[in-house]
Amino acid sequence: MYAFTLHRPSSVRQAANLLAKSEDAKLLAGGQTLIPTMKQRLASPASLIDLSLIEGLSGIELRGRSIVIGAMTRHAEVADSPVVQENLPALAELAGEIGDPHVRNMGTIGGSLANNDPNADYPAAALGLGATIVTNKRRIAADEFFTGMFETALGADEIVTKVMFPLPKKAAYVKFANPASRYALVGVLVSKRGREIRVAVTGAGANGVFRVTAFEEALQRRFGPKSLDGLSVPAAGLNSDIHGSAEYRAHLIGVLARRAVAAAAG
Amino acid sequence: MPAVSMTVNGKPVTADVDPRTLLVQFLREELRLTGTHVGCDTSQCGACVVHVNGRAIKSCTVFALQLEGAKVATIEGLANGDQLHPMQEAFRDNHGLQCGFCTPGMIMAAVDIVNRKGHDLDEHTIRSELEGNLCRCTGYHNIVKAIAAGARAMGSGAAVTQKAAE
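Predicted, not measured: the structure shown is a model, and the values here were computed from it.

Peer 1: What should I look at first to understand the overall build of chain B in this one?
Peer 2: The secondary structure content of chain B amounts to 5 helices and 5 strands. The N-to-C order of helical and strand elements in chain B reads β-β-α-β-β-β-α-α-α-α. Here chain B has a C-alpha radius of gyration of 15 Å; the compact-globule value for 166 residues is 15 Å, and the two agree. Projected onto the principal axes, the alpha-carbon positions of chain B cover approximately 45 × 30 × 25 Å. Per-residue burial for chain B yields a buried fraction of 55% across its 166 residues. In chain B, of all internal contacts separated by at least 6 residues, the share reaching a separation of at least 24 is 61%. Charge centroids of chain B, computed over 15 positive and 17 negative side chains, lie 2 Å from each other.

The structure is reproduced here in structure tokens:
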């Protein structure tokens, strides 16, 4: 790993100032992606800005009909939270399937969303549940947040502070995990909130997480797995790698979407 | 170089470190606590698992400087003098190791499982909770048996104080 300077600001404002004035700085949240990436020299930031001393960036609360989760909240905290388990069990289960127990004790929701790994689970949660990502500057709807593989709408000195999940009537996440990494080969989150139905897919898209409008429209007519019979996602534009071809991933999307709808409807 | 202070196995330690220093390097090279192993160095194998403020983490994937003020517990802190911790004893009794390289991480992960899930652990729970710990010798079978037995022993009166694990 190349040398860097570590900053440990105590407020979001300080962190944003450091980010704005540093030439080549990266935010350090849980570090479970960034540190391995730095070890492999795929990233070599000149400075790291550690967010862990900033108070108020972590925690889970039910506010009206939303669950609000601080950006530095660890995956294990989301998975084990009685508030999340009771009001949005699909999100608790999703968080509990990320990586392994030790990684879940460090990794954060804000870090995962800002990284926007095309195989990560949280982007599917944010897009599939219609979350709002709150930063030090503004609120960004999940539909606008994810702009491409490892790319987001975040500006150069913008920091995710919390994520707001509106409570759905029904929701489920089903993933086909890579058996070694536990990243999603394909993961599908399905939700229904009022008239709004969302089907979000991670792991398969060449540009990261995406919605399947054809599935959503079919589910508008009737929210059941049979509504998706005969529907499929074209393989063109999906990822193809040693773990699975684009055709295989396209097939998985249909299978997992039906399972997720069945789980959500049940 | 910046300084870092933390408590390791109940003892306060302070040292100047290069910001690149990972916790596992700090433990092994600065403190000479070589029980914590570096296996894959890519956050997968779990040979480096230690407890930080009571929760199991991979010490190869955190910088020492991030742990200012933290309470760290390593495998060296588990035994009470010459008396092994019940989880260590269970690994010995159940032949839960062969080469032993993964064992420190396995035992620290096992104690963490007991802390979170209690003393009565079924096989499925143990196997799924071991997701982050790899062993290339045993086929896991005896590790699973050892953890179930160690968990029971930790719950019985025979358990020695686990001062370091808390």
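Structure shown, so let's carry the discussion forward.
Peer 1: Hey, could you run me through the interface of chain A and chain B in this one?
Peer 2: Put simply, an interface is often sized by how much accessible area is lost when its parts join up. With 28 residues of chain A at the contact, the number on the chain B side is 24 residues. Roughly 2100 Å² is buried in total at the junction of chain A and chain B, and carbon and sulfur atoms are behind 57% of that figure. Area buried by chain A at its contact with chain B is led by A:Lys39, A:His102 and A:Asn105, which between them contribute 28% of it. Measuring nitrogen to oxygen at the nearest pair gives 3.0 Å for the salt bridge that ties B:Glu131 to A:Arg182. Between the two partners, chain A and chain B, sit 11 residue pairs in polar contact (both at pLDDT 80 or more). When residues of the side of chain A that touches chain B are traced back to their parent elements, those giving at least two are helix H2 (34–39), strand S3 (47–50), helix H3 (75–80) and helix H6 (101–104) of chain A. A total of 4 residues in the side of chain A that touches chain B trace back to one element, the largest contributor, which is H2(A). Here the side of chain A that touches chain B is composed, by residue class, of 16 nonpolar, 5 polar and 7 charged.

Peer 1: Looking at this model, I keep getting lost on the packing of helix H2 (residues 86–93) of chain B against helix H5 (residues 141–155) of chain B. Mind explaining?
Peer 2: When two helices pack together, their arrangement is captured by the angle between the axes and the distance separating the axes. Residue and element names in this part refer to chain B. Taken N-terminus to C-terminus, the directions of H2 and H5 make an angle of 140°; their axes are 8 Å apart at the nearest point. In this view, H2 runs oblique relative to H5, as classed from their interaxial angle. Of the two elements, H2 crosses H5, and the hand of that crossing is right-handed. Two secondary-structure elements touch here, H2 through Pro86, Met87, Ala90 and Phe91 and H5 through Ile143, Ala146, Ile147, Ala149, Gly150, Ala151, Ala153 and Met154. Partitioning the contact of H2 with H5 into residue classes produces 11 nonpolar, 1 polar and no charged.

Peer 1: Would you mind going over the packing of H2(B) against helix H3 (residues 103–117) of chain B with me for this structure?
Peer 2: All names here are of chain B. Two elements in contact, H2 and H3, have axes whose closest approach is 10 Å; the angle formed by their N-to-C orientations is 125°. Classified by the interaxial angle, the pair formed by H2 and H3 is oblique. The crossing of H2 and H3 is right-handed. Residues Met87, Gln88 and Phe91 of H2 lie in contact with H3, whose contacting residues are Thr103, Met106, Ile107, Ala110, Val111 and Val114. Here the contact of H2 with H3 is built from residues that sort into 7 nonpolar, 2 polar and no charged.

Peer 1: Looking at this model, I keep getting lost on the domain arrangement of chain B. Mind explaining?
Peer 2: Residue and element names in this part refer to chain B. Annotation of chain B at the domain level lists domain 1 (3–77) and domain 2 (86–155). Each partner contributes residues to the interface: domain 1 has 17 residues there, and domain 2 has 15 residues. Between domain 1 and domain 2 lies a buried interface of about 1200 Å² when both sides are counted; carbon and sulfur atoms form 61% of it. In terms of surface lost to domain 2, no three residues of domain 1 exceed His37, His51 and Ile75, which account for 40% of the buried area on that side. Here domain 1 is connected to domain 2 by 0 salt bridges.

Peer 1: In this structure, what is going on with the state of the cysteines? I would like to understand it.
Peer 2: Note on terminology: a disulfide is the covalent bond linking the sulfur atoms of two cysteines. All names here are of chain B. All chains considered together, the criterion is met by 0 disulfides over all chains. Note on Cys48: no disulfide assigned, nearest cysteine sulfur contributed by Cys60 at a separation of 3.8 Å. When its relative accessible area of 3% is taken as the criterion, Cys48 is described as buried.

Peer 1: Hey, could you run me through the sheet that holds strand S13 (residues 196–202) of chain A in this one?
Peer 2: Backbone hydrogen bonds are what pair the strands of a sheet, in a parallel or an antiparallel way. Residue and element names in this part refer to chain A. Here 4 strands make up an open sheet; going across it, the order is S11-S12-S13-S14 and the pairing antiparallel. Among the strands making up the open sheet, the edge pair consists of strand S11 (170–177) and strand S14 (210–211). Each of S11, strand S12 (184–193), S13 and S14 touches helix H11 (residues 246–265); the most contacted strand, S12, lies at about 35° to it.

Peer 1: In this structure, what is going on with the side chain of A:Lys175? I would like to understand it.
Peer 2: All names here are of chain A. Tracing the backbone shows Lys175 in strand S11. Polar contacts involving the side chain of Lys175 include one to the main-chain carbonyl oxygen of Glu97, which spans 3.0 Å. For Lys175, the side chain forms a polar contact with the main-chain oxygen of Arg182, separated by 2.6 Å. With residues up to four places along the chain from it excluded, the contact list for Lys175 reads Glu97, Ile98, Asp121, Arg182, Tyr183, Ala184, Val186, Gly187 and Leu256.

Peer 1: Any chance you could explain the pairing of strand S2 (residues 11–16) of chain B here in plain terms?
Peer 2: A regular strand places its side chains so that they alternate between the two faces of the sheet. Residues and elements named next belong to chain B. Pairing analysis gives 6 bridges linking strand S1 (residues 3–8) to S2, with the strands arranged antiparallel. Looking at S2, one finds that Ser5 is bridged to Thr14. Between the end of S1 and the start of S2, which pair antiparallel, lie 2 residues, with Asn9 showing a positive phi angle near 50°.

Cut-off values and rules
Residues numbered from 1 in each chain as written. Chains lettered and ligands numbered in written order. Predicted model: local features only at pLDDT ≥ 70, side-chain atom pairs only at ≥ 80, totals over all residues. Heavy atoms only, no water. Helix = DSSP H or I, 4+ residues; strand = E, 2+ residues; numbered from the N terminus. Rg over C-alpha atoms; globule rule 2.2 N^0.38 Å. Buried < 20%, exposed > 50% of the residue type's maximum accessible area, 1.4 Å probe, protein only. Contact = heavy atoms within 4.5 Å. Lys, Arg positive; Asp, Glu negative; His and termini not counted. Charge placed at Lys NZ, Arg CZ, Asp CG, Glu CD. Buried area = accessible area lost by both parts, 1.4 Å probe. Salt bridge = Lys/Arg side-chain N within 4 Å of Asp/Glu carboxyl O. Polar contact = N/O pair within 3.5 Å; in protein donor to acceptor, adjacent residues only side chain to side chain. Nonpolar A, V, L, I, M, F, W, Y, C, P; charged D, E, K, R; others polar. Axes fitted to C-alpha atoms, helices over the stretch in contact; angles between N-to-C directions. Parallel < 35°, antiparallel > 145°, perpendicular 65-115°, else oblique. Left-handed = near helix turned anticlockwise from the far one by under 90°. Domains from an automatic or database assignment. Disulfide = S-S within 2.5 Å. Pairing = 2+ DSSP bridges.

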